[in-house]
Amino acid sequence: PATLRALADRAHVKIGTAVDGTALAEDATYRRITAREFNSVTAENAMKWESVEPERGEYDWTQADELVRFAHRNGQVVRGHTLVWHSQLPAWLTAGVADGSIGKAELRSILRNHITTEVKRYKGRIQQWDVVNEVFEEDGSYRNSIWLQQLGPSYIADAFRWAHAADPKAKLFMNDYNVEGVNAKSTAYYDLAKQLLAEGVPVQGFGIQGHLATQYGFPGQVAENLARFGALGMQTAFTEVDVRVLMPADEAKLATQATYFRGLLDACLNARSCKSFTVWGFTDKYSWVPDVFPEEGAATLMDEEFGRKPAYAAVRDGL
Ligand code: XIL
């Protein structure tokens, strides 16, 4: 039987998964399926700032390097995730900003150094970088992060310029959740993309995380949304797809879940701008969902024993 990656190769698209660094190191079944089913990988946590620079100036690239090596051995591309975010920042950084020991000018140079160091380290080995992650609120206003507060909105253009200087061939993305369809938040990204492109800022892609939940319904106007970014000459990608259900899961919920995965995949395959579709983990065994959303779970393609759920078949049949 064909694997997801064989079908994706034939369709000239990337089918990716987020990879849990600890599971990759310790679980041979997990490793085998990651290699067999996917032609793209994303570090679930290992490339985030708190992971790579836990103490100021002391870097730990262990898990990130391991994933990049794994990808290379297995003929997979890598999505870099993520350079500028309000979350999972190292404690030394947030504490330093809070107590005033890191001022604005220093913060800007710290950010520049972070982006340059990380992007250069993996130069030529990252297909797409999520340069900025989750920079807008639901209403389309800029997210009130330390970056906005300390540096103002120009940190976004700066981040893209610095990343581009460090690896001119990597495709540079903005990335967020709740932006599948046309809404205030996705429109803020559309307007920002137009503005950045007009200013000559190197931004090439719009990443749609795709964290859905069956109880909230399937988003409308996904095709229209992908099309408008495509019309700007931007790439699009689904970067973190999972579909959580209210627990306990049952056959009906898993059937609905399958149609949601398929709905996003079809939208990608039908859009000229979209050549990359990544799930945020492929097995419920290591999914982030139960840790973050109380009463929700079963969000991925395979159950905790790596058994294929209806969603797996839906993705396979869609490719
Ligand atoms: C999540 C990881 O899956 C968890 O393991 C971690 O504890 C928190 O972050 N949007 C993103 C991802 O861009 O980086 C997040 O990943 C999920 C939401």
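So, a few notes on the structure that sits alongside this text. (Residues numbered from 1 in each chain as written. Predicted model: local features only at pLDDT ≥ 70, side-chain atom pairs only at ≥ 80, totals over all residues.)

Let's talk about the nonpolar core
Judged by nonpolar contacts, the single largest core of 87 residues is most densely connected at Val131, Ala159, Ala163 and Phe261. Sequence-distant contacts of Ala163, defined by excluding residues within four places in its chain, comprise Leu83, Ile115, Val119, Trp129, Val131 and Leu172. (Core = buried A, V, L, I, M, F, W, Y, C linked by C-beta atoms within 7 Å. Buried ≥ 20, exposed ≤ 12 C-beta atoms within 10 Å, placed from the backbone. Contact = placed C-beta atoms within 7 Å.)

Here we look at the site of the ligand
As a structural note, the neighbourhood of the ligand is formed by Glu44, Asn45, Asn133, Gln209, Glu240 and Trp288. Across the shell around the ligand, the residue classes break down as 1 nonpolar, 3 polar and 2 charged. (Near = placed C-beta within 6 Å. Nonpolar A, V, L, I, M, F, W, Y, C, P; charged D, E, K, R; others polar.)

Structural notes on the environment of Ala43
With respect to the secondary-structure elements, Ala43 resides in strand β2 (residues 40-43). Separated by 27 residues in sequence, Ala43 and Gly16 place their C-alpha atoms 11 Å apart. Sequence-distant contacts of Ala43, defined by excluding residues within four places in its chain, comprise Val19, Gly21, Ala64, Leu67 and His81. (Helix = DSSP H or I, 4+ residues; strand = E, 2+ residues; numbered from the N terminus.)

Re unusual backbone geometry
In the segment running from His81 into Thr82, the intervening peptide bond is cis, with an omega of -5°. You can see Thr82 is positioned in strand β3 (residues 77-84). Here the amide bond leading from Met247 into Pro248 is cis, since omega sits at 5°, within 30 degrees of zero. Here Pro248 lies in the loop between β8 (235-246) and α12 (251-269). With phi around 50°, Ala298 is a residue other than glycine that occupies positive phi space. Assignment of secondary structure puts Ala298 in the loop between β10 (296-297) and α14 (310-318). The phi dihedral of Phe306 is positive, around 70°, even though this residue is not glycine. Structurally, Phe306 is set in the loop between β10 and α14.

Let's talk about the pairing of strand β1 (residues 14-19)
Most of β1 is tucked away: 6 of the 6 residues are buried. Both β1 and strand β9 (residues 274-279) contribute to a ladder of 4 bridges, which runs parallel. Within the sheet, the bridge partner assigned to Lys14 lies in β9 and is Ser276. Bridge count between β1 and β2: 4 bridges; the pairing is parallel. Within the sheet, the bridge partner assigned to Val19 lies in β2 and is Ala43. (Pairing = 2+ DSSP bridges.)

Concerning the packing of helix α7 (residues 104-121) against helix α9 (residues 154-166)
At a closest axis distance of 8 Å, the pairing of α7 and α9 adopts a crossing angle of 35°. α7 and α9 meet at a crossing whose hand is right-handed. Residues Leu111, Arg112, Ile115, Thr116, Val119 and Lys120 of α7 lie in contact with α9, whose contacting residues are Tyr155, Ala159, Trp162, Ala163 and Ala166. (Axes fitted to C-alpha atoms, helices over the stretch in contact; angles between N-to-C directions. Left-handed = near helix turned anticlockwise from the far one by under 90°.)

Honestly, it's all geometry; don't read function into it.
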